[in-house]
Amino acid sequence: MNIVNRFSLNFSARSANENFARAAVAAFAAQLDPTLEEINDIKTAVSEAVTNCIVHAYAEKTGKVYITCTINDKNELRVSVRDTGCGIENVDRALEPLFTTVGGERAGLGFAVMQSFMDDLRVRSVSGRGTTVTMVKKIRPRYGIGG
């Protein structure tokens with residue numbers, strides 16, 4: 001599998017930047033000619049991953065969110081969202097639906113949403129050092145009439 005294209009960006013972990021992240025990843029993914037449903041899936045998953053960084057990783061301080069996207073020769077978009085925050089003590093527990101560390105309005109569905117909208121989800125975390133969420137979306141080639 002060869003990487004065809006790649007981009008990286010980083011920004012302050014502020015909720016005002018969530019829409020920017022969604023738009024940037026969606027614009028990059030557009031070169032694969034995704035359906036509207038596929039692009040919405042990607043945008044939703046990116047929103048969830050970025051929101052996790054903002055809400056959970058840095059708690060009372062502001063850090064950075066790092067996004068790297070690649071497209072390979074198999075029409076797969078790989079999106080990695082990384083923070084250098086507090087990390088996740090128990091990733092398996094965090095992946096369970098309805099698990100949350102902050103309560104209140106948070107439903108604890110972020111990872112479940114990411115899993116449902118993407119084809120693959122991997123979470124790596126080191127307590128005290130940060131978390132990387134890597135998601136893959138396979139974009140099915142579309143053919144015109146007679147294709």
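Computed from a predicted model, the values in this text were never measured in an experiment.

Caption draft 1: Structural view of the pattern of salt bridges. What the rule picks out here adds up to three salt bridges. A salt bridge links Asp41 to Lys137, with the nearest nitrogen and oxygen atoms 3.0 Å apart. Here Asp41 is found in helix α2 (residues 36–57), whereas its partner Lys137 is found in strand β5 (residues 130–138), with 96 residues between them in sequence. By relative accessible area, Lys137 is classed as buried at 7%. Salt-bridge contacts for Asp120 lead to Arg122; the nearest nitrogen and oxygen are separated by 3.2 Å. Judged by relative accessible area, Arg122 falls into the exposed class, the value being 55%.

Caption draft 2: Quick look at the nonpolar core. Among the nonpolar cores identified, the biggest contains 37 residues, and Val25, Val50, Ile67, Leu77, Val79, Val81 and Met135 are the most heavily contacted of them. Sorting the residues of this core by element identifies β1 (3–12), α1 (18–29), α2, β2 (64–72), β3 (76–83), α4 (110–117), β4 (120–126) and β5 as the ones contributing at least two each. Sort the elements by how many residues they give to this core and α2 lands first, with nine residues. When neighbours within four sequence positions are excluded, Val79 is seen to be in contact with Val25, Val46, Ile67, Thr68, Cys69, Val133, Thr134 and Met135.

Caption draft 3: A look at α4. Those residues of α4 that fall on the buried side of the exposure criterion are Gly110, Phe111, Val113 and Met114. Projected down its long axis, α4 shows its buried positions confined to an angular sector of 160°, all on one face.

Caption draft 4: View of the packing of α1 against α2. Axis separation between α1 and α2 bottoms out at 9 Å; the angle between their running directions is 145°. Where α1 crosses over α2, the two elements pack in a sense that is right-handed. Residues Glu18, Ala21, Arg22, Val25, Ala26 and Ala29 of α1 form the contact with α2, whose own contacting residues are Ile39, Ile42, Lys43, Thr44, Val46, Ser47, Val50 and Thr51. A class-by-class count of the residues in the contact of α1 with α2 yields eight nonpolar, three polar and three charged.

Caption draft 5: Structural context of the sheet that holds β4. Sheet architecture is open: five strands sit in the order β1-β2-β3-β5-β4, paired in antiparallel fashion. Every other strand in the sheet has two partners, leaving β1 and β4 as the edge strands with one partner each. With strand direction ignored, the average angle separating the axes of adjacent strands in the sheet is 10°. Strand direction decides the pairing type here: β2 and β3, joined by seven bridges, are antiparallel. Considered in β3, the bridge of Ile67 is made with Val81. Together, β1, β2 and β3 form the strand contacts of α1, whose direction differs from that of β1 by roughly 170°. Running at roughly 10° to β3, α2 makes contact with β1, β2, β3 and β5 of the sheet.

About the thresholds
Residues numbered from 1 in each chain as written. Predicted model: local features only at pLDDT ≥ 70, side-chain atom pairs only at ≥ 80, totals over all residues. Heavy atoms only, no water. Salt bridge = Lys/Arg side-chain N within 4 Å of Asp/Glu carboxyl O. Helix = DSSP H or I, 4+ residues; strand = E, 2+ residues; numbered from the N terminus. Buried < 20%, exposed > 50% of the residue type's maximum accessible area, 1.4 Å probe, protein only. Core = buried A, V, L, I, M, F, W, Y, C linked by side-chain atoms within 4.5 Å. Contact = heavy atoms within 4.5 Å. Arc of directions from axis to C-beta. Axes fitted to C-alpha atoms, helices over the stretch in contact; angles between N-to-C directions. Left-handed = near helix turned anticlockwise from the far one by under 90°. Nonpolar A, V, L, I, M, F, W, Y, C, P; charged D, E, K, R; others polar. Pairing = 2+ DSSP bridges.

Treat this as a map of the structure, not an account of what it does.
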